[in-house]
Amino acid sequence: MAEKPNKGKNQPDLQRRSLIGAGLGGAALATSGLLGSAGNAKAAGLGVPEWSQYLGASVDDAPYGMPSPHEETVIRRSVEWLTATRESSINFTPLYALDGFVTPNGVCFERHHAGAADVDPAEHKLMIHGMVDRPLLFTMDDLLRLPRVSKFFFLECAANGGMEWRNAQLNSVQFTHGMVHCVQYTGVPLKLLLEEAGVKPKADWLLVEGGDSAGMNRSLPMAKALDDCMVALFMNGERLRMEQGYPVRLVVPGFEGNMWVKWLRRIEVGDGAWQAREETSKYTDLMPDGRARRFTWEMDCKSVITNPCPENPLHHKGANVLTGLAWSGRGSVKRVDVSLDGGRNWREARLEGPVLQKCLTRFYLDGWEWNGEELYIQSRAIDETGYVQPQMTELQKVRGVNSIYHNNSIQTWHVTKTGEVENVRLA
Ligand code: MTE
Ligand code: CO
């Protein structure tokens with residue numbers, strides 16, 4: 001295997017052969033990275049690791065690819081004590097391990113009221129009826145023949161951060177903020193289907209219902225349905241995952257996740273809200289005076305730092321990456337500020353584009369260094385309406401402490417002198 005390089009000749013074949021040999025001089029080393037040969041790696045002081053000594057996996061080994069086995073801890077996780085059963089439950093997106101603004105399909109958090117239904121697309125149908133001129137029944141093939149659009153949107157469960165209303169409770173960004181994901185949806189605009197059915201002039205509400213055993217349903221105002229809702233068939237370029245409502249789900253941009261009905265089977269057109277369980281007993285906000293706030297559909301502007309965070313402590317002094325995500329159900333994120341001293345001083349972060357409507361937006365604090373000092377780091381997002389993400393104390397002044405849903409307060413991470421990061425609440 002070891003062969004002396006053929007010095008002085010520029011003939012391509014010889015050059016190539018010489019790069020595969022061991023014991024090359026500096027000039028050859030400079031290009032060795034391109035060929036990645038074991039011999040050159042050894043010469044460069046990298047040694048010859050196990051994986052360089054054998055053939056790699058065959059092209060038949062992974063017909064549907066999985067992440068590297070070295071990333072096996074990057075998974076959805078659940079909080080054992082949170083729900084009574086594993087079917088009517090929730091798991092969380094591993095935000096600490098992701099970058100950019102797109103959530104990979106396999107780690108999009110799941111929320112089911114009766115487990116993930118295994119729906120046969122050949123049998124499944126979508127019905128539109130009620131106050132319409134022409135009741136319609138679509139097969140999935142019918143839907144796939146209609147004009148479609150592709151757009152990125154975040155989906156956030158109204159209960160995201162619900163465990164954190166009174167105290168800082170869970171020492172993990174996955175659990176405090178992981179009921180959110182952001183993918184590119186492809187589907188048919190709901191407006192198009194409603195126009196096809198011919199909505200009666202007095203109709204101003206829809207009931208949207210799922211085909212899971214919960215038959216989960218919600219009332220949706222007509223104005224929203226005609227604005228930007230979508231009957232989605234694809235996520236991130238491939239057909240929906242079963243957990244996300246395969247073969248068809250409703251996309252309700254900016255509105256609380258509960259309204260994004262999965263395994264969508266029925267849309268009834270009517271002239272009033274249905275007062276469904278999920279909009280009366282659940283998904284309302286108990287206010288300090290004992291009354292419940294209802295129909296709080298839009299997800300308020302929010303942000304969180306995903307590195308550093310409890311899962312990502314700081315191991316090195318000097319240059320480090322400070323990054324996070326911001327979003328608003330009312331449009332695009334205009335600005336994100338970062339504080340290192342618990343909200344006394346703020347510095348503007350850089351928004352990494354694209355900055356899209358009702359979409360997660362990635363931000364970075366460029367040139368950040370950590371030199372072993374104790375910090376209280378926070379991010380504060382401002383959306384295009386001018387709304388500023390509040391501190392928890394401000395939010396509690398209005399909302400009290402009895403809420404579960406719609407906690408969009410500023411998160412504080414305490415960085416200790418040893419680089420550990422913990423979830424804390426500043427009074
Ligand atoms: N649709 C049906 N049919 N059944 C459900 O249990 N859960 C809702 C919504 N749509 C649900 C549903 C809730 S509360 C949320 S937050 C989102 O779906 C979660 O979507 P995901 O599982 O794709 O994250
Ligand atoms: Co939800």
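Going by the structure above, here's the rest.
Criteria and thresholds
- Residues numbered from 1 in each chain as written.
- Chains lettered and ligands numbered in written order.
- Predicted model: local features only at pLDDT ≥ 70, side-chain atom pairs only at ≥ 80, totals over all residues.
- Heavy atoms only, no water.
- Core = buried A, V, L, I, M, F, W, Y, C linked by side-chain atoms within 4.5 Å.
- Buried < 20%, exposed > 50% of the residue type's maximum accessible area, 1.4 Å probe, protein only.
- Helix = DSSP H or I, 4+ residues; strand = E, 2+ residues; numbered from the N terminus.
- Phe/Tyr/Trp six-rings, centres within 6.5 Å; stacked < 30°, edge-to-face > 60°.
- Lys NZ or Arg CZ within 6 Å of the ring centre and 35° of its normal.
- Contact = heavy atoms within 4.5 Å.
- Salt bridge = Lys/Arg side-chain N within 4 Å of Asp/Glu carboxyl O.
- Pairing = 2+ DSSP bridges.
- Axes fitted to C-alpha atoms, helices over the stretch in contact; angles between N-to-C directions.

A few points about the nonpolar core
Thinking step 1. Of all hydrophobic cores here, the largest spans 57 residues; its most connected members are Leu190 and Leu220.
Thinking step 2. Considering each element in turn, this core owes the most residues, 6 residues, to strand 9 (residues 230-235).
Thinking step 3. Among the nonpolar cores identified, the runner-up in size contains 33 residues, and Val180, Cys182, Leu375 and Val421 belong to it.

Section: the packing of aromatic side chains
How two aromatic rings sit relative to each other is set out by the distance from centre to centre and by the angle between their planes.
Thinking step 1. Inspection of the entire model under this criterion finds 9 aromatic pairs.
Thinking step 2. An angle of 10° between the planes, with centres 5.7 Å apart, marks the rings of Phe255 and Trp297 as stacked. Residue Phe255 is found in the loop between strand 11 (249-251) and strand 12 (264-270), and its partner Trp297 is found in the loop between strand 14 (292-293) and strand 15 (302-307); the two are separated by 42 residues along the sequence. The same class applies to Phe255 and to Trp297, which are both buried.
Thinking step 3. Trp297 gets classed as buried once you look at its relative accessible area, which sits at 18%.
Thinking step 4. Through a chain of ring-to-ring contacts, the aromatic side chains of Trp205, Phe255, Phe295 and Trp297 assemble into a single cluster.
Thinking step 5. The residue whose ring lies beneath Arg294 is Phe295, and the NZ or CZ to ring-centre distance is 4.5 Å.
Thinking step 6. The positively charged end of Arg380 is found above the aromatic ring belonging to Trp346, 4.1 Å away from the centroid.

A few points about the environment of Lys125
Thinking step 1. Locating Lys125 in the fold gives a position in strand 3 (residues 125-130).
Thinking step 2. Those residues in contact with Lys125, other than ones at most four positions away along the chain, are Leu137, Phe138, Thr139, Met140, Leu264 and Arg265.

Remarks on the environment of Thr416
Thinking step 1. By secondary structure assignment, the location of Thr416 is in the loop between strand 24 (412-415) and strand 25 (421-424).
Thinking step 2. For the pair Thr416 and Pro313, spaced 103 residues apart in sequence, the C-alpha separation works out to 9.3 Å.
Thinking step 3. Non-local contacts of Thr416, meaning those with residues more than four positions away in its chain, are made with Trp370, Glu373 and Glu374.

Overview of the pattern of salt bridges
If the charged atoms of two oppositely charged side chains come close together, the side chains can form a pair.
Thinking step 1. Scanning the model with the defined rule gives 25 salt bridges in all.
Thinking step 2. Residue Glu243 pairs with Arg76 through a salt bridge whose shortest N-O separation is 2.8 Å. In this pair, Glu243 sits in the loop between strand 10 (238-239) and strand 11 while Arg76 sits in the loop between helix 3 (38-43) and strand 1 (89-90), placing the two residues 167 residues apart along the sequence. By the burial criterion, Glu243 is buried, and Arg76 matches it.
Thinking step 3. Ionic pairing is found between Arg145 and Asp142, a salt bridge with its closest N-O pair at 3.1 Å.
Thinking step 4. Look at Arg145 and you get exposed, because its relative accessible area is 66%.

As for the sheet that holds strand 17 (residues 323-327)
Thinking step 1. Taken in spatial order, the 4 strands make up an open sheet running 15-17-21-20, and their pairing is antiparallel. Of all the strands in the sheet, the pair left with one neighbour each is strand 15 and strand 20 (350-352). The mean angle between the axes of side-by-side strands here comes to 30°, regardless of whether they run parallel or antiparallel.
Thinking step 2. Where strand 17 meets strand 21 (residues 361-364), 4 bridges bridge the pair, whose relative direction is antiparallel. Bridge pairing in strand 21 links Thr323 to Tyr364.

Treat this as a map of the structure, not an account of what it does.
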